[in-house]
Amino acid sequence: TYSHLLIIIICIKVFLGIINLKNYKKMNLKTSIILGLTLTLLSIVSCSKSDSVDPINPSNIIAENTAKLIGSWEIENIITANCTDPNDNETLESGCETEEGSEVCLLGIQTFFQDNTFSLEYIMTVDGDTMETETDFGNWEILNSDNISITTEEETVSKNYVLTDNTFSMISTDGEFGCDETINAIKNK
């Protein structure tokens, strides 16, 4: 707090001689030293009490990240890397490209609901017409500060994740092909 900062500044000034306590008629060197030590002790004690930080409560992180995750996320890309077969390494970007004179767009939306269910929808359009839609559903649960459990019809997997207010990434390893897969998304507003 401000008062603690003021005490520290006064102590520093006393010890550096910026405030010369010898100039005060009623104070002698012994009094100056005692005052300086007292102020220093007070600043250390008061700072240690006010600056102490409680350890982070894991259940708070789970609740915080659960609240952050709820909502709709637009998938920016899916990166497949470090595959056993290097030909399987690829980056799939969301967005549009022109292929053979047609505009081909790929959009992925993952929505995490409050009841711990999710939907994952991929939409592919060609020149504005929807050509393909794929939707998956499942359950999710934040396990700790960097692991999320994802359950689909096929399996339940624990994935690493990184979450901010606006970005979300899930990282996992595919045992079948030996690839690391990273899904990067931004929060829809």
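S.K.: How would you explain the pattern of salt bridges if you had to name every residue and give the values?
M.R.: Summed over the entire model, instances satisfying the criterion amount to one salt bridge. Two residues, Asp-165 and Lys-68, come together in a salt bridge whose shortest N-O distance is 3.9 Å. Of the two residues, Asp-165 is situated in the loop between strand S8 (156-163) and strand S9 (167-174) and Lys-68 in helix H3 (residues 58-69); the sequence distance between them amounts to 97 residues. On the basis of relative accessible area, Asp-165 is assigned to the exposed category, the value being 51%.

S.K.: Describe in detail the packing of aromatic side chains, supporting the description with residues and values.
M.R.: Throughout the structure, instances matching the rule amount to five aromatic pairs. Relative to Phe-168, the ring of Phe-112 lies with its centre 5.6 Å away and its plane at 85 degrees, an arrangement referred to as edge-to-face. Note that Phe-112 is positioned in strand S4 (residues 102-112) and Phe-168 in strand S9, a separation of 56 residues in sequence. The same class applies to Phe-112 as to Phe-168, namely buried. For the ring pair Tyr-161 and Phe-168, a centre distance of 6.4 Å and an interplane angle of 45 degrees mean the geometry is tilted. One exposure class covers both Tyr-161 and Phe-168, and it is buried. One aromatic cluster is present, built from ring pairs that chain together Trp-73, Phe-112, Phe-118, Trp-140, Tyr-161 and Phe-168.

The rules behind the values
- Residues numbered from 1 in each chain as written.
- Predicted model: local features only at pLDDT ≥ 70, side-chain atom pairs only at ≥ 80, totals over all residues.
- Heavy atoms only, no water.
- Salt bridge = Lys/Arg side-chain N within 4 Å of Asp/Glu carboxyl O.
- Helix = DSSP H or I, 4+ residues; strand = E, 2+ residues; numbered from the N terminus.
- Buried < 20%, exposed > 50% of the residue type's maximum accessible area, 1.4 Å probe, protein only.
- Phe/Tyr/Trp six-rings, centres within 6.5 Å; stacked < 30°, edge-to-face > 60°.

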